[in-house]
Amino acid sequence: MAQADRQPTRRLEQVIMDLLERRAPTSSICPSDAAREAYEGDDEGWRALMEPARRAAWRLVAAGKVEVTQAGRPVAESEARGPLRIRRAGR
């Protein structure tokens, strides 16, 4: 991953962890929550951060910090299709 790609992804990783910390231990977030939180404008520009937010979530999965779920069940990146949720690992 190029340095330019790492910086927004790491910022999004931190945003994901911060959002989860502010929620109940059993709660999950949507990648769009992280994209909106990380975006510094007041327009629809957060949408460009959706794919980087998903990549950040998968990096956190690899680090053992979060789980990505669909229909309330953990899903592997290779199997994920459609809407995702992110929750703390070890639930």
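Up top is the structure.
Rules and cut-offs
- Residues numbered from 1 in each chain as written.
- Predicted model: local features only at pLDDT ≥ 70, side-chain atom pairs only at ≥ 80, totals over all residues.
- Heavy atoms only, no water.
- Phe/Tyr/Trp six-rings, centres within 6.5 Å; stacked < 30°, edge-to-face > 60°.
- Lys NZ or Arg CZ within 6 Å of the ring centre and 35° of its normal.
- Pairing = 2+ DSSP bridges.
- Helix = DSSP H or I, 4+ residues; strand = E, 2+ residues; numbered from the N terminus.
- Contact = heavy atoms within 4.5 Å.
- Axes fitted to C-alpha atoms, helices over the stretch in contact; angles between N-to-C directions.
- Core = buried A, V, L, I, M, F, W, Y, C linked by side-chain atoms within 4.5 Å.
- Buried < 20%, exposed > 50% of the residue type's maximum accessible area, 1.4 Å probe, protein only.

(A) Here's a closer look at the packing of aromatic side chains. Inspection of every chain in the model, using the stated rule, returns zero aromatic pairs. In this arrangement the basic side chain of Arg36 is found over the ring face of Trp46, its NZ or CZ atom lying 3.9 Å from the centre.

(B) Geometry of the sheet that holds strand β1 (residues 28-29). Reading across the sheet, the four strands line up as β1-β4-β2-β3 and stay open at both edges, with antiparallel pairing between neighbours. Pairing within the sheet leaves two strands with one partner each, and these edge strands are β1 and β3 (73-74). Across four bridges, strand β2 (residues 66-70) lies against strand β4 (residues 85-88) in antiparallel orientation. Of the residues in β4, the one forming a bridge with Thr69 is Arg85. Lying over the sheet, helix α3 (residues 50-62) contacts β2 and β4, oriented at roughly 120 degrees with respect to β2.

(C) Quick peek at the nonpolar core. Counting residues in each nonpolar core, the largest one holds 23 residues, and the members touching the most others are Ile16, Ala34 and Ile86. Among the elements that take part in this core, α3 stands out by supplying six residues, more than any other. Excluding residues that lie within four positions of it along the chain, Ala34 makes contacts with Leu12, Val15, Ile16, Leu19 and Ala53.

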